[in-house]
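A look at the structure
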Amino acid sequence: MTFKELGIAEPILKALEAEGYTHPTPIQEQSIPILLKGKDLLGVAQTGTGKTAAFGIPILHHLYEGISLSQSKRKVKALVVTPTRELAIQIGESFTAYGKHTGLRNTVIFGGVKQGKQVSALRGGVDILIATPGRLLDLMNQGFISFRDLQHVVLDEADQMLDMGFIHDIKKIIAKLPPKRQSLFFSATMPKDIVELSRKMLGDFERVTIKPEQATAEKVEQGVYFISKGNKPKLLVHLLEQQPQASVLVFSRTKHGANKIVKKLAQADIRSAAIHGNKSQTARQKALGDFKDGKLKVLVATDIAARGIDVEDLSLVVNYDLPNVSETYVHRIGRTGRASASGTALSFCDKEERAYLRDIEKLIKQAVPRMPEHQFMDEDTKDDDDERPARSPRGPGKSGNKNRAGGNNFRGKNNRNTSKPKKRNDSSSRN
Ligand code: AMP
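No experiment lies behind these values; they were computed from the predicted model shown. (Residues numbered from 1 in each chain as written. Predicted model: local features only at pLDDT ≥ 70, side-chain atom pairs only at ≥ 80, totals over all residues.)

Let us now look at the nonpolar core. Ranked by size, the top nonpolar core spans 61 residues in total, and within it Ile 12, Leu 79, Ala 131 and Leu 155 carry the most contacts. It is helix 3 (residues 51-65) that contributes the most residues to this core, 8 residues altogether. In terms of nonpolar packing, the next biggest core, distinct from the first, is built from 50 residues, Val 248, Leu 265, Ala 273 and Leu 322 among them. (Core = buried A, V, L, I, M, F, W, Y, C linked by C-beta atoms within 7 Å. Buried ≥ 20, exposed ≤ 12 C-beta atoms within 10 Å, placed from the backbone. Helix = DSSP H or I, 4+ residues; strand = E, 2+ residues; numbered from the N terminus.)

Here it is as structure tokens:
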């Protein structure tokens, strides 16, 4: 299946070609025909699957086809609501790229900055508006945004909106939407509250599900180190020193933890920056920009700040802390191995995090391969689970990830030539 076969307008095809997209990803292949027909869509999928283009392309197509019908001044005809500023900016960039030959204009609005420029952009007229919920509601209440001409609405990362406490804002926004519209609802997970919210928003819809296992099992090479909390900084420094050229995204559960990691790395002369909610928007954008440009090799992020970060050539994701919500693990490792690329995700698991690891393995339906012994192991970090029956983790080198693993040169990684979890606690090394 090619994009051309999906029946997409020529100027968009031209832009996709320039982006180097040859074939649609599974979510695009399944969603685009539904959306071109004008139906509502419930997409159960995470970032990294190509979901932005899955909704962006058909919206651009519809608006482009209807362009001659529009009046002289541009009105907001498509709205995308997304939880974070970073994600909003990235979605805006995608619309700009895919729509560059269509003459359609988009703008992005988010909180944490003065509203002046955003208001001027709105006054100048836009076709597609990408917004975070708080600022959107704020500008709606001030009368700067009209939904009178709205035809398409996307609610992106709905489960994250809920986690971030945006549910009331979202309900208020949905209440103001015109009844005749095409609605798209995306969420990586579908807890009860999200199902209810989707019912409120969607009319007669079709559902497309892209399973998280597809992203983790097929594309991302994973590994876990058992390590005590105190030794985590040393192991991180060690891994980073082994491959100074790699772009590495390190996840911390807390903002404070992220700052601490940056400090520890600085003590080892490794430059890094943290992005999280306590950092100013300018600092976050600067860190993200430097990371994307390759000027900064190590970015330390909390889950919310990193949500949806789209960096090409991300070599490695490190879960410095394991998340207590298993789906978050899938989101995190989805930062590498995006679209057609493969990637590597390594997790540090201390004693208290063993239960989280078990939950994660249940969700992804595979054992995360145990990394071999390392110099920072101590008695506290032995794998209590070694005696359980092997669950056949995917061994490295089994798929196209082989080259990637070799290129990354993780010590010991290429020695993992067995599909069984490694047994490290032989009696000679323990009393
Ligand atoms: P998303 O899930 O929208 O965040 O997209 C993940 C990444 O996949 C982005 O870097 C996109 O540029 C890229 N991408 C999306 N669709 C395709 C495609 N059909 N072929 C290649 N790359 C794609």
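Now that the structure is up, let's keep going.
Another point: the environment of Asp 290. As for its position among the elements, Asp 290 is in helix 13 (residues 281-293). In this structure Asp 290 comes out as partly exposed when scored by C-beta crowding, with 15 C-beta atoms within 10 Å. C-alpha separation for the pair Asp 290 and Ala 273, spaced 17 residues apart in sequence, amounts to 9.6 Å. Not counting chain neighbours up to four residues away, the residues in contact with Asp 290 comprise Lys 295 and Leu 296. (Contact = placed C-beta atoms within 7 Å.)

To continue, consider the UniProt feature "domain: DEAD-box RNA helicase Q" (unreviewed entry) in the chain. Under the feature "domain: DEAD-box RNA helicase Q" (unreviewed entry), the UniProt entry names residues 1-29. The span residues 1-29 shows a helical share of 48% and a strand share of 0%, and its end C-alpha atoms are spaced 8 Å apart. (UniProt positions renumbered as here; feature names shortened; annotations may be inferred.)

Moving on, we come to unusual backbone geometry. Peptide bonds are, in most cases, trans, and in most cases residues other than glycine have a negative phi. Phi is positive for Glu 157, close to 50°, though the residue is something other than glycine. Looking at where Glu 157 falls in the secondary structure, it is placed in the loop between strand 5 (152-155) and helix 7 (158-163). A positive phi angle, near 55°, is found at Lys 365, a position not held by glycine. For Lys 365, the position within the fold is in the loop between helix 16 (354-364) and helix 17 (401-408).

Note on sheets: strands pair through backbone hydrogen bonds, and any given pair is parallel or antiparallel. Sheet architecture is open: 6 strands sit in the order 8-13-12-9-11-10, paired in parallel fashion. Each edge of the open sheet is held by one strand with a lone partner, namely strand 8 (220-226) and strand 10 (272-275). In this sheet, adjacent strand axes meet at a mean angle of 20° when their direction is disregarded. When strand 8 meets strand 13 (residues 343-349), the two strands line up parallel, connected through 7 bridges. (Pairing = 2+ DSSP bridges. Axes fitted to C-alpha atoms, helices over the stretch in contact; angles between N-to-C directions.)

Along the chain, Pro 24 falls in the loop between helix 1 (10-19) and helix 2 (26-36). By C-beta crowding, Pro 24 is classed as buried, having 22 other C-beta atoms within 10 Å. Sequence spacing of Pro 24 and Phe 3 is 21 residues, and the spatial spacing of their C-alpha atoms is 6.3 Å. When residues no more than four places from it in sequence are discounted, the contact partners of Pro 24 are Met 1, Phe 3, Leu 6, Glu 29 and Ile 32.

With that out of the way, let us pick up the confidence of the model for the chain. Here the chain averages 83 in pLDDT, while 83% of its residues score no lower than 70. Note on residues 385-431: pLDDT under 50 across the span, and 63 contacts to partners over four residues away in sequence or across chains. (pLDDT = per-residue confidence, 0-100.)

In this section: the sheet that holds strand 2 (residues 78-81). As summarised here, the arrangement of the 7 strands in space is 3-4-2-5-6-1-7, forming an open sheet in which the pairing is parallel. Edge positions in the open sheet fall to strand 3 (106-109) and strand 7 (205-209), since each of these has one partner strand only. Mean inter-strand twist for the sheet, computed between neighbouring axes without regard to direction, equals 15°.

Direction vectors running N to C along helix 15 (residues 326-333) and helix 16 enclose 70°, while the axes themselves pass 8 Å from each other. Accordingly, the angle class assigned to the pair helix 15 and helix 16 is roughly perpendicular. For the pair formed by helix 15 and helix 16, the contact residues are Ser 326, Glu 327, Tyr 329 and Val 330 on the first element and Asp 359, Ile 360, Leu 363 and Ile 364 on the second. When its residues are assigned to classes, the contact of helix 15 with helix 16 shows 5 nonpolar, 1 polar and 2 charged. (Parallel < 35°, antiparallel > 145°, perpendicular 65-115°, else oblique. Nonpolar A, V, L, I, M, F, W, Y, C, P; charged D, E, K, R; others polar.)

Attention now goes to the packing of helix 2 against helix 3. At their nearest, the axes of helix 2 and helix 3 sit 9 Å apart, and the two run at 25° to each other. Taken together, the axis directions place helix 2 and helix 3 in an arrangement best described as roughly parallel. At the point where helix 2 passes helix 3, the crossing takes the right-handed sense. The segment helix 2 lies against helix 3, with Ile 27, Gln 28, Ser 31, Ile 32, Leu 35 and Leu 36 engaging Lys 51, Ala 53, Ala 54, Phe 55, Ile 57, Pro 58 and His 61. Split by residue class, the contact of helix 2 with helix 3 holds 9 nonpolar, 3 polar and 1 charged. (Left-handed = near helix turned anticlockwise from the far one by under 90°.)

Another aspect to go through is the pairing of strand 1 (residues 40-44). Most of strand 1 sits out of view: 5 of its 5 residues are buried. With burial as the criterion, each face of strand 1 is covered, one bearing Asp 40, Leu 42 and Val 44 and the other bearing Leu 41 and Gly 43. Of the strand pairs in this sheet, strand 1 and strand 7 are connected by 5 bridges, and their pairing is parallel. Across the sheet, Val 44 pairs through a bridge with Thr 209, a residue of strand 7. Sheet topology places strand 1 next to strand 6 (residues 182-187); 4 bridges connect them, and they run parallel. Within the sheet, the bridge partner assigned to Leu 41 lies in strand 6 and is Leu 184.

This part takes up the environment of Thr 22. Looking at the secondary structure, you find Thr 22 in the loop between helix 1 and helix 2. By C-beta crowding, Thr 22 is classed as exposed, having 10 other C-beta atoms within 10 Å. Spatially, the C-alpha atoms of Thr 22 and Lys 4 are 9.7 Å apart, while their sequence positions differ by 18 residues.

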